[in-house]
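Here are the chains, one letter per residue:
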Amino acid sequence: MQGFVRNLQDPSAVLMLAGPSVAAVADDPEGGQVLTQVIAAWKRLPEFLRRRVHIACLPMADREENAAIVNALQRHATIVVQKSLHEGFGLPVAEAMAAGVPVVTSNGSSLPEIAGDAALLVDPQSVDAIAAAMRRFVDDDVLRAERIQRGLTRSRQFTWRRAAERTVECYRAALRA
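Fair warning: this is a prediction, and the values are worked out from it, not measured in the lab.

## Details of helix α8 (residues 141-155)
Compared with an ideal rise of 1.5 Å per residue, which puts 15 residues at 21 Å, α8 spans 21 Å between its outermost C-alpha atoms and is within 8% of the ideal. The complete set of buried residues in α8 reads Leu143, Arg147, Ile148, Gly151, Arg154 and Ser155. Along the axis of α8, the buried positions cluster into a sector of 130°, meaning they face one direction only. With respect to the buried face of α8, the exposed residues turned more than 90 degrees away are Asp141 and Val142. Where α8 is buried, its residues meet α5 (91-98), α6 (111-115), β5 (120-122) and α7 (127-139). You can read the cap of α8 off the contacts: a side-chain oxygen lies 3.1 Å from the backbone nitrogen of Val142, and it is on Asp140.

## So, unusual backbone geometry
Non-glycine residue Ser109 carries a positive phi angle of around 65°. With respect to the helices and strands, Ser109 occurs in the loop between β4 (103-106) and α6. Overall, the relative accessible area of 42% leaves Ser109 in the partly exposed class.

## Looking at helix α4 (residues 63-75)
Over its 13 residues, α4 runs 18 Å from end to end, which matches the ideal 18 Å to within 8%, given 1.5 Å per residue. Inspection of α4 places Asn66, Val70 and Gln74 among the buried residues, and these make up the whole buried set. Buried residues of α4, viewed axially, fall in a sector of 65°; they line one side. Looking at the buried residues of α4, the elements they touch are β2 (53-58), β3 (80-82) and α5. The backbone nitrogen of Glu64 lies 3.0 Å from a side-chain oxygen of the residue at the head of α4, namely Asp62.

The rules behind these values
Residues numbered from 1 in each chain as written. Predicted model: local features only at pLDDT ≥ 70, side-chain atom pairs only at ≥ 80, totals over all residues. Heavy atoms only, no water. Helix = DSSP H or I, 4+ residues; strand = E, 2+ residues; numbered from the N terminus. Expected span 1.5 Å × (residues − 1). Buried < 20%, exposed > 50% of the residue type's maximum accessible area, 1.4 Å probe, protein only. Arc of directions from axis to C-beta. Contact = heavy atoms within 4.5 Å. Polar contact = N/O pair within 3.5 Å; in protein donor to acceptor, adjacent residues only side chain to side chain.

Right, dumping it as structure tokens:
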């Protein structure tokens, strides 16, 4: 939110901060505290900026409903930013690339492996680095188109069929050992 507010001057730009409903995620003990901090930071913004920054807590009870909402948000996004310190796989990054949206993501955890050379990788704790990467996608149509194409290509590597095949390979290797 800070990077968006500080660096994107386009008056038509809108920021959507979307994440799971805090009560629906058992393995994120800091989730409630983070949401409280985000809402407090949003409330400190001047009103004209608050109208451009939206916070959405997505339902998790119905997987199809959640997937439809995430897909709609990503398809309408100009940029997807996945700022994460700890990520298991990075499904939002793979989904955004498959949707043809350029991605700014963390340079740590599993995210560089998932994004490959398709995303702009940044220090997730540097507001300036995140803002600069967002700005690059806004200002550089060639870079944007290049990373979208790379993302579409990269995302094809992450299919449920391939995941199942790799899982079977692992089981077979374990049985041989």
